[in-house]
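Geometric and topological summary
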Amino acid sequence: MSANSPVSSPAALRNMQEFMEGIWERNPVFVMVLGMCPTMAVTVSAMNSISMGLATTFVLAASCWLVSVMRHMIPKEVRIATYIVIIATFVTVVEYAIQAISLEMSEALGAYIELIVANCLVLGRAEAHAAKNPPMPAMLNATGMGLGFTVGLTMIGGVREILGNGTLLGISLFGPNFQPWVVMVLPPGGFFVMGSWLLLFAIYRARKDRNNAALAAQGASHGA
Amino acid sequence: MSTETLAAPQVTPTATLLRVLGIVSAVCGLIIVGSYEITLPAANANRRIALERAVFKVVPTAKSIVEYYALPAGGIEQAKGGGEAPASVAKFYAAYDDAGKLTGIAAEAGAKGYADIVRIMFGYDTACQCITGIGVVSMKETPGIGDKILIDKDFQANFKALDVKLTDDLSALVNEVKTVKHGTKTNPWQIDAIAGATVTSRAVGKGINDAAQFLLPKLAPNLEKLKVKS
């Protein structure tokens, strides 16, 4: 970032943090482990993962914005019902939009588009964040979470497509002699790949914690 | 301590609850109806293109299609635009070439496969009374096993001229279409199964047989009506 980027003002910095929270620090797939149903079901190819991720991002951003706009108006007794109606509305909009854009994509994702209504990530964000924050940060945070979800899905879907089909985004990588590892595009493959990514991140985090602890200990001994 | 701190927690009046729910539903309803109206023409165009592509795949000489219903009591009628077909009729597509002459019939068939219903589209040649090609409309068969029905050359060769001749009184097929074990096909009405994907192969055979037994007896007496594009 250059010195005169908008991030230098405190409000912009806060917005930036809201946006980045879901992409790395609290990634919905790998850190919060939310919305596992579509994560396991549609990540058979990178393209499916990207479409599913973007559809969820739109639903998240739009419903969190509307929930946030209406947050002073909605009595707490009926808040869950209201949130679900709002979420279901935007899911329906996304469903129609996908049918209009590509029928093949709509068939590939099948019922999982409708099931975004029941994605705990969306309701969770509406309840935990959008209901307590003004529209701008709520929408930024939701968009970040959605993009983090998309990145997570694509990391799983990409690996599954490469190993299970020998292609990435439909482009053949290994030529005609590649013997696909079919189990990777079947349901168990989803668990293998998800588990492997979680393992990698856990190793990374453990290393980082150990380094931090070592640094802290060093600092303490120097201070003594 | 004053009595005020013991007051009951704030209760939202019923009228407010109803009003909020009413407003939210109305707003959401407007959004849904609006987006439906906006996307409908594009979605319908997509469906039309997908259907034409599926028919052209099994009747390669076709340039345009007309949708018809075969009625359960016999006879056929042209489908009216829009809307779902009634459950009792069989939908089929008359395919025409550039000059508007009938070049083939396409229809959908479906039967239970390994994972779910295997839905296919088949092309029917009225001259040889045989099936000249199949394509998959939708299936959830195991990748690498069941979906070989699409790419296996030997299996596809079954549908170069699969015999579905009708008896002289046009009431049923002379020979039932049947899927046989890999390598044992001897007659033109048999389908040679893919070794290792027998269940899916059988679903294709059963689907074609069921659809042909229902559709062809109603279609055959009315072929004249279809000869030229209406």
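Residues numbered from 1 in each chain as written. Chains lettered and ligands numbered in written order. Predicted model: local features only at pLDDT ≥ 70, side-chain atom pairs only at ≥ 80, totals over all residues.

Helix and strand counts for chain A stand at eight helices and two strands. When the helices and strands of chain A are placed in sequence order, the string is α-α-α-α-α-α-α-β-β-α. Taking the principal axes of its C-alpha atoms as reference, chain A extends roughly 60 × 55 × 40 Å. Of all 224 residues assigned to chain A, the portion counted as buried reaches 39%. Long-range contacts, defined as pairs at least 24 residues apart, comprise 76% of the intrachain contacts of chain A with a sequence gap of at least 6. (Helix = DSSP H or I, 4+ residues; strand = E, 2+ residues; numbered from the N terminus. Buried ≥ 20, exposed ≤ 12 C-beta atoms within 10 Å, placed from the backbone. Contact = placed C-beta atoms within 7 Å.)

For the rest of this paragraph, the subject is the overall build of chain B. Helix and strand counts for chain B stand at five helices and nine strands. Element order for chain B, N to C, with α for helix and β for strand: α-β-β-β-β-β-β-α-α-β-β-β-α-α. Relative to the globule expectation of 17 Å for 230 residues, the C-alpha radius of gyration of chain B, 26 Å, shows a markedly less compact shape. With the C-alpha coordinates of chain B rotated into their principal frame, the extents come out at 100 × 45 × 30 Å. Counting over 230 residues, chain B shows a buried share of 32%. Sequence separation of 24 or more characterises 58% of the internal contacts of chain B that already satisfy a separation of 6 or more. (Rg over C-alpha atoms; globule rule 2.2 N^0.38 Å.)

As a further point, take the interface of chain A and chain B. Taken together, the contacts link 21 residues of chain A with 21 residues of chain B. The set of elements that each furnish at least two residues to the side of chain A that touches chain B consists of helix 4 (79–101) and helix 5 (103–109) of chain A. Top contributing element to the side of chain A that touches chain B by residue count: helix 4 of chain A, with 11 residues. Each residue belonging to the side of chain A that touches chain B can be placed in one class, and the counts come to 15 nonpolar, four polar and two charged. (Nonpolar A, V, L, I, M, F, W, Y, C, P; charged D, E, K, R; others polar.)

Further remarks concern the environment of B:Val89. Residue and element names in this part refer to chain B. Position of Val89 relative to the elements: it lies in the loop between strand 2 (76–78) and strand 3 (90–96). Distance in space between the C-alpha atoms of Val89 and Tyr69 is 5.9 Å, their sequence separation being 20 residues. Excluding residues within four positions of it along the chain, Val89 makes contact with Tyr69, Ala70, Leu71 and Pro72.

Let us look at helix 1 (residues 14–58) of chain B. Residue and element names in this part refer to chain B. Here helix 1 is 45 residues long and its end C-alpha atoms lie 62 Å apart, about the 66 Å a rise of 1.5 Å per residue gives. Taking the largest bend as the criterion, helix 1 deviates by roughly 45°, centred on Leu40, and proline Pro41 comes between one and four positions later. Every buried residue of helix 1 is listed here: Val20, Val24, Cys28, Ala43, Val55 and Val58. (Expected span 1.5 Å × (residues − 1). Bend = angle between axes of the 7 residues up to and from the residue.)

In this structure, A:Val59 and A:Cys64 are the most contacted members of the largest nonpolar core, which totals 49 residues. Of all the elements in the fold, those that place two or more residues in this core are helix 3 (46–69), helix 4, helix 6 (120–128), helix 7 (135–165) and helix 8 (187–223) of chain A together with helix 1 of chain B. Per element, the largest residue contribution to this core is 10 residues, and it comes from helix 3 of chain A. Not counting residues within four places of it along the chain, the set of residues in contact with A:Cys64 comprises A:Arg125, A:Ala126, A:His129, A:Ala130, A:Ala138, A:Met139 and A:Ala142. Core analysis: the next-biggest nonpolar cluster, separate from the first, contains 47 residues, B:Ile120, B:Phe122, B:Ile194 and B:Leu219 among them. (Core = buried A, V, L, I, M, F, W, Y, C linked by C-beta atoms within 7 Å.)

This brings us to the sheet that holds strand 4 (residues 102–112) of chain B. Think of a sheet as strands paired side by side through backbone hydrogen bonds, with each pair either parallel or antiparallel. All names here are of chain B. Spatially, the seven strands line up as an open sheet ordered 2-1-3-4-5-6-7, and their pairing is antiparallel. Strands with a single pairing partner mark the edges of an open sheet, and in this sheet they are strand 2 and strand 7 (162–163). Looking at chain direction, strand 1 (residues 64–70) and strand 2 are connected through three bridges and run antiparallel. Pairing of Tyr68 across the sheet is with Gln78, part of strand 2. Of the strands in this sheet, strand 1, strand 3, strand 4, strand 5 (117–125) and strand 6 (130–138) touch helix 1, which is tilted by about 150° from strand 6. Helix-sheet contacts for helix 4 (residues 198–219) involve strand 1, strand 2, strand 3, strand 4, strand 5 and strand 6, and the interaxial angle to strand 4 is about 130°. (Pairing = 2+ DSSP bridges. Axes fitted to C-alpha atoms, helices over the stretch in contact; angles between N-to-C directions.)

A rise of 1.5 Å per residue sets the reference length of helix 7 of chain A, with its 31 residues, at 45 Å; its end C-alpha atoms lie 42 Å apart and thus fit the reference within 8%. Of all 31 residues making up helix 7 of chain A, 24 are buried, and the element is well covered by its neighbours.

Here we come to the packing of helix 3 of chain A against helix 4 of chain A. Residues and elements named next belong to chain A. Packing of helix 3 against helix 4 brings their axes to within 9 Å, and their N-to-C directions diverge by 145°. Judged by the sense of rotation from one axis to the other, the crossing of helix 3 with helix 4 is right-handed. Contacts between helix 3 and helix 4 involve Ala55, Phe58, Val59, Ala62, Ser63, Leu66 and Val67 on the former and, on the latter, Tyr83, Ile86, Ile87, Phe90, Val91, Val94 and Ile98. (Left-handed = near helix turned anticlockwise from the far one by under 90°.)

Residue and element names in this part refer to chain B. Two elements, strand 1 and strand 3, share seven bridges in a ladder whose sense is antiparallel. Directly across from Val66, in strand 3, lies its bridge partner Ala94. Taking the residues between adjacent antiparallel strands as the criterion, strand 1 and strand 2 are bridged by five residues, where Gly74 takes a positive phi near 100°.

With that out of the way, let us pick up the confidence of the model for chain A. Looking at chain A, the pLDDT average stands at 86 and 95% of residues meet or exceed 70. Scored below 50 in pLDDT, residues 1–6 of chain A makes two contacts in the model with residues more than four places away or belonging to other chains. (pLDDT = per-residue confidence, 0-100.)

In helix packing, the relevant descriptors are the interaxial angle and the interaxial distance, both defined with respect to the helix axes. Residues and elements named next belong to chain A. Where helix 1 (residues 10–23) contacts helix 7, the axes come no closer than 6 Å and their chain directions differ by 25°. The angle between helix 1 and helix 7 falls in the class roughly parallel. Where helix 1 crosses over helix 7, the two elements pack in a sense that is right-handed. Across from Asn15, Glu18, Phe19, Met20, Glu21, Gly22 and Ile23 in helix 1, the residues of helix 7 making contact are Met136, Pro137, Leu140, Asn141, Thr143, Gly144, Met145, Leu147, Gly148 and Val151. (Parallel < 35°, antiparallel > 145°, perpendicular 65-115°, else oblique.)

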